[in-house]
Structure formats: C-alpha cells, structure tokens
Amino acid sequence: MSLLITNIGSLVTNDPALGEGPLGLLADAAVVVDGERIAWVGPAAAAPAADERYDAAGRALLPGFVDSHAHLVFAGDRTAEFNARMSGQAYTAGGIRTTVAATRAATDAELDANVTRFLAEALRQGTTTVECKSGYGLTVADEARALRIAAAHTPETTYLGAHVVAPEFADDPAGYVDLVTGEMLDACAPHARWVDVFCERGAFDGDQARAVLTAGAKRGLTPRVHANQLSYGPGVQLAVELGAASADHCTHLTDEDVAALAGSGTVATLLPGAEFSTRAAYPNARRLLDAGATVALSTDCNPGSSFTTSMAFCVAVAVREMAMTPDEAVHAATEGGARALRRTDVGRVTPGGRADLLLLDAPSHVHLAYRPGVPLTAAVWRAGVRAL
Ligand SMILES: [Zn+2]
C-alpha cells in the first residue's frame, strides 16, 4: 500500500538539494510513502497518486527524532537525589550505583516493561529511533541481560559496562577494567553494536577508557564516548583518535577539543537535559557549530541526571540556552542524531529513506522551541506504519 501525505505546510527534509537551506525546507509539499520507505518528496501540486491520502492540513512534517543517547534499561528512580540536588547538593558520578542496585534486583520482565514504557513515551513525542545503553548491571550476567532486553527493541544497542566501577571492585578498578574488556565483553558483544565508556573523574581515566574502547573495537563494536561532561579531560581527544561515532556531552571543551571534533567524523552530541537536571552550565553549541563540527542533540534519558524522553524539550532548551537557532536544533535532533548513529536511512525525509515521520500540530518546526512544553505531536509514522 502507498500513502500520499499532502497539504504539508512546511516540510523538513534535511536534504539541501530538495529545498531551502540546510533543512531542505519545502512549503506546500507532499510525501509519498510506499511500504516502509519514502518513495517521493516534492511540491504537493506535482505529487503522484497513491492508494491512500492523508491531508496534513497545512501543518509541519519532520523526520522522526533520532535520540542517539539514552539509558533505558534500569529499575527504580532517583527522585530523592534530584530533590536534594535541587536543594543545593552537587551532582557526582557515584549516584549511578543506586540505580545499579535496583536494576540488579529487578526481573527481566520489569526491566523490559520499563524500556517499553519509555519508548512509548518517546514515540508520543515524535522519537522514532532510540539508542539504548547498558551500564546499570555491572556484572557479566546483568550487563548481558540489559543488552539482550534492549536489543529486542532497537538495533542501536551500546555496551556500557564501563559506566562506573562496579561496587564489588571499588578497591580494584584495574580488575574491573579487565572484566569489562574480557569476560563481560565476550558476553555482551553479541547483543551490541557500540561500545561506550564514561571517561570522567570518578569513573574511568583516559588509559582505562582507551583499553575499554579498543577492546570493544576488536570485537567489532564501534566506539562512542561519554566525554568532557563534568570537567575537562581526555575523552574528546580519545574519541576522535579512535574514530568514535560520537563524543557525548562535550560540556567542557578546550580550543583543541573543538578543533579536533571539527576536523573529524566524530559527532559532538549535546545532552542539555543533563545540564538542566543537574543545574549545571550548558555546553557551548555555538562554538562547535561555528568551528564546523557536526552537532547532535539527545535526551541522555536516565534516572539520575536527565530523566526526560522528550527531544522537543531538548530542542527548546538548546535554542534558549545554547545559542542554537531553531533550524540548527531541529537538524541536530534529527539528521545530527542519525549521523551520531552512522545511519543514512533515518533523520531525513528523502526518497529511499525509512518513512519515519512526525507531523506537528503547528505550521512550522520552529514551534518546537517557540511553544516549549506543549505537546505538539499530531501524528507519527514509523517505517511507514501509522504509530500515533
Ligand atoms: Zn549518558
């Protein structure tokens, strides 16, 4: 069956060849979906016939959001920690261990139900692709279990055994790195596409991060790095050197870090939900964009430092607080996320691509920032199927 979506007031294609500017914007547009793919994009007046017709009534159509950084396999929550932090305490990496204890104690069904719930929540807000990390198990069995559960929902699974040092190894971090690069990797690699490490004081230093990423790469996992979130450090340079798909957070960057990202294929993934929820200074998106780096926006959805599944929220914050234009923020939340996952079939609305589409209850994508906190989802198609 083919579907003609017509009378689109404003269409974001993310293909400059199809329309105006970097977003490839088209007014009075139409899209034809055939099966799970986009078959045609162009002016509504020139659209070919299709089996079915959907009238967008002048509203804006975008690629579904690509959330390239999320931690969804966990149990429990950290309301008390958030409440304390908002009452004046500083965020440290150690709070992760609270979630580790709750996650280990949960059943497979409980963890799967949580992932299902968060993905449904994200979908209602227009997210059609989600990356999902392990990292709250920190034993061989619990990390492998997290990835098995995640892999049932998304192909974008990331082995993050090196989230923090497991509590059992508090006095032997080198022993934990040996486990992460050895037996745990063996158990997790079959269920993962990516390998990640939290390169930060209180988590893993540059040498440990390098060991984790190179071991993962040897097993066919492509690196991505939690880099330079809480302090300056070696994470970004390591990500670029190892050809990581993405350096995530990028909150504390030297000029050398910015230059390295701009001169590389490594995407700078900014996670404003983390700064919002820890009341910290935001990363400087303007500096990265002006240097020529590719920027992605993601939720970093996790119970400790950014418990949001809303890409629209991240777009609004990035525009208001990180000096991104609405066009740049929407690009980063769609095409940027796709690049961070090295995907060319999502994050854009182009012939041959996957028909992942978000129709807004608004005439323009700018409303995502202009109308913060307002549920603007009118309809969502995922792989050509109406999901909402
Ligand atoms: Zn993260």
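So, how was this worked out
- Residues numbered from 1 in each chain as written.
- Predicted model: local features only at pLDDT ≥ 70, side-chain atom pairs only at ≥ 80, totals over all residues.
- Heavy atoms only, no water.
- Donors = N, O, S within 2.8 Å, 3.2 Å for Na, K, Ca; no water.
- Tetrahedral: all angles 85-135°; square planar, octahedral: opposite > 155°, others 65-115°.
- Buried < 20%, exposed > 50% of the residue type's maximum accessible area, 1.4 Å probe, protein only.
- Helix = DSSP H or I, 4+ residues; strand = E, 2+ residues; numbered from the N terminus.
- Pairing = 2+ DSSP bridges.
- Core = buried A, V, L, I, M, F, W, Y, C linked by side-chain atoms within 4.5 Å.
- Domains from an automatic or database assignment.

A. Seen up close, the coordination of the zinc ion. At this site the zinc ion is bound by H69 (NE2), H71 (NE2), H226 (NE2) and D300 (OD), with donor distances of 2.0 to 2.4 Å. Classification of the site at the zinc ion rests on its four donor atoms, whose angles at the metal span 83 to 168°, yielding the label irregular. Sequence spacing of the donor residues for the zinc ion, all on one chain, is H-x1-H-x154-H-x73-D. In terms of burial, H69 and H71 fall into one category: buried.

B. Just the pairing of strand 15 (residues 357-360), in detail. Every second residue of strand 15 is oriented toward a common face, with L357 and L359 on one face and L358 and L360 on the other, all of them buried. As paired strands, strand 5 (residues 60-63) and strand 15 are joined by three bridges and run antiparallel to one another. Counted as the bridge partner of L61 is L359 from strand 15. Relative to strand 16 (residues 377-382), strand 15 runs antiparallel, the two being bridged by four bridges. The residue of strand 16 that forms the bridge with L360 is T377.

C. Inspection of the nonpolar core at higher detail. Core analysis: the biggest nonpolar cluster contains 88 residues, and Y159 and L297 have the highest contact counts within it. No other element matches helix 4 (residues 140-151), which puts six residues into this core. Counting only domains with at least three residues in this core, you end up with domain 1 (2-64 + 348-386) and domain 2 (65-340). Counting 19 residues, the second-largest nonpolar core is a separate cluster that includes V33, A56, V349 and W381.

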